Amino acid sequence: MEQPTGTPTTPAGVLAAANTLVADLDETMWVARTSEELVEAVVVAEKLRAHLAALEAGVLAEVHARGVAKQELAWGSTAEWFTHLAGTHRGTGHQTVRHADTLVHERCATHAAMVAGRVSPEQAAVIVDAVDRLPTDATVRADGEAFLLDAASRLNATDLAKAARRLVEVADPDAAERRTEKELERQDRAAHHGRFLAIVEDGAGGIRLRGRGTVEDAAAIKAALPPLTKPAPSVDPVTGAENVDPRDHGARLWDALVETCRHALTTDLPPDCHGARPRIAVTTSLEVLQQRIDWATLGTAGAAVTDDGLELTPAVVRRMACDADLIPITLGTHGEVLDVGRTSRLVTPAIWRALVCRDRHCAFPGCTRPPVMGHAHHIVHWADHGETSLENLVLLCGHHHRTIHHTPWQVRLNPTDGKPEFLPPQRPGAPPPTWIRSRRRRE
């Protein structure tokens, strides 16, 4: 390989020279750097990683087109050679080679975005796979790629994949609905038949839990345990000072599980009695509500999603609805909550349901913590005569609730659609901030 001395004359030489320059940072005392320098270094490193992945895609596409791995290096395929060279997983190696050819010859806009550092390799993989599932019409695919590239500026790869699934549903709704329902039902059956729980000694005086189950099981577990994981500060008996709960979230979750089991052992209720029936919120448009649709049939059209994002099949929803109160939540044209059905005369549960329906999760830009970890924050504080109403509330997780209270971040409801938006603090030397709902990945 050409050494990085003088002016490089080959692609490998250029890369080697770049690697030498980067090596100058190996001994950097990061502890002595400012926070701005640290953040900027990570941002630039990610841009460089994306650029290198785009460069590698171009080289891999040509290596594959020439058959270099098979004909000159005696490998069975380009993917096998690359997997070995990169030391990656077989599935990852095959995907990288497959995507390389598509990026270079078909998804040129995505490849260009990687070169510019705007799209990560993981996001590019999501885009390539999603566009490949669209109808073969070139215009449809180009529009789909453009939509996902725009979304990639705000979403990480996980959330981009969710947006991609919705894109497929819009482009080919019937096929997407049938495919999604069939796949979810297959997964649900497999998970149910493969459910198990094992409690084994760890050899160090304790135990370990191992198990798996369905998303329906997960919904029940998540509904029961997280509300019991609230930190419990202790009070020093001598000084009276309040001490922070030393348990991390995992420890509190374990204690919640143990406490739930102890409660089951000490109660006199028979196993088939579980107190108040669960409540299922069914969200629909005003138009559907006016058509007098039977609530029991609403679960037949595609998958349903719980408050914390678990996807349930229509069959599971109908099964759960057999032992639940259905709460209809009516949405207006812009998605604003118009009315919340309720099973009691209490206002607070209805407002909470409406808040969850509107915000879905922590509304702070970039955060998706589920409602079970959330707080109802008064936009105009209660001490300042703010009302406890949907028009004065926003759903925030504990961390971002503290952020709004103790930092210059501000929150309001958009006057047009009534949904939350946030105003970042003014950064030195930056233009005045604007109200946002999502954060660009690189600020």
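Presented here is a report on the structure given in the accompanying data block.

Reading guide: rules and limits
- Residues numbered from 1 in each chain as written.
- Predicted model: local features only at pLDDT ≥ 70, side-chain atom pairs only at ≥ 80, totals over all residues.
- Heavy atoms only, no water.
- Axes fitted to C-alpha atoms, helices over the stretch in contact; angles between N-to-C directions.
- Helix = DSSP H or I, 4+ residues; strand = E, 2+ residues; numbered from the N terminus.
- Parallel < 35°, antiparallel > 145°, perpendicular 65-115°, else oblique.
- Contact = heavy atoms within 4.5 Å.
- Buried < 20%, exposed > 50% of the residue type's maximum accessible area, 1.4 Å probe, protein only.
- Salt bridge = Lys/Arg side-chain N within 4 Å of Asp/Glu carboxyl O.
- Arc of directions from axis to C-beta.
- Phe/Tyr/Trp six-rings, centres within 6.5 Å; stacked < 30°, edge-to-face > 60°.

Regarding the packing of helix α5 (residues 90–105) against helix α6 (residues 108–115)
Piece 1. At their nearest, the axes of α5 and α6 sit 6 Å apart, and the two run at 100° to each other. Taken together, the axes of α5 and α6 lie roughly perpendicular to each other. Here Leu103, Val104 and His105 of α5 lie close against α6, whose contacting residues are Cys108, Thr110, His111 and Met114.

Brief notes about the side chain of His401
Piece 1. Relative to the helices and strands, His401 is located in helix α16 (residues 398–406).
Piece 2. Taking relative accessible area as the criterion, His401 reaches 16% and is therefore assigned buried.
Piece 3. Ignoring sequence-local partners within four residues, the contact set of His401 consists of His375, His377 and Leu396.

Here's the deal with the pattern of salt bridges
Oppositely charged side chains can pair when the atoms bearing their charge come close.
Piece 1. Using the criterion set out here, one finds 13 salt bridges in the structure.
Piece 2. Note that Arg107 and Glu106 form a salt bridge whose closest N and O atoms lie 3.9 Å from each other.
Piece 3. You can call Arg107 buried: its relative accessible area is 9%.
Piece 4. Note on Glu106: relative accessible area 45%, which makes it partly exposed.
Piece 5. A salt bridge links Asp359 to Arg358; the nearest nitrogen and oxygen atoms lie 2.8 Å apart. Pair check on accessibility: Asp359 and Arg358 agree, each one buried.

Section: α6
Given 3.6 residues per helical turn, the α-helix brings residues three or four places apart onto the same face.
Piece 1. Of all the positions in α6, only Thr110, His111, Ala113 and Met114 are classed as buried. When α6 is viewed along its axis, its buried side chains cluster within an angular range of 160° and face the same direction.
Piece 2. Looking at the packing, one finds that the buried side of α6 touches α2 (35–66), α5, α7 (121–132) and α8 (138–152).
Piece 3. Following α6 by one or two positions, Gly117 adopts a phi angle in the positive range, close to 80°.

Examining the environment of Pro408
Piece 1. Considering the arrangement of structural elements, one finds Pro408 in the loop between α16 and β12 (410–413).
Piece 2. On the accessibility criterion, Pro408 (56% relative accessible area) is exposed.
Piece 3. Between the C-alpha atom of Pro408 and that of Leu423, which follows or precedes it by 15 residues, the distance is 8.5 Å.
Piece 4. Among all residues touching Pro408, those that are not within four sequence positions of it are Leu423 and Pro425.

Considerations on the packing of aromatic side chains
Piece 1. Evaluation of the coordinates by the stated rule reveals two aromatic pairs.
Piece 2. Aromatic side chains Phe364 and Trp409 sit 4.6 Å apart centroid to centroid with 55° between the ring planes, which places their arrangement in the tilted category. Note that Phe364 is positioned in the loop between α15 (347–359) and β10 (374–378) and Trp409 in the loop between α16 and β12, a separation of 45 residues in sequence. As far as the burial class goes, Phe364 and Trp409 line up, both buried.
Piece 3. Ring pairing ties together the aromatic residues Phe364, Trp409 and Phe422, which thus form one cluster.

These figures come from the coordinates and say nothing about function on their own.
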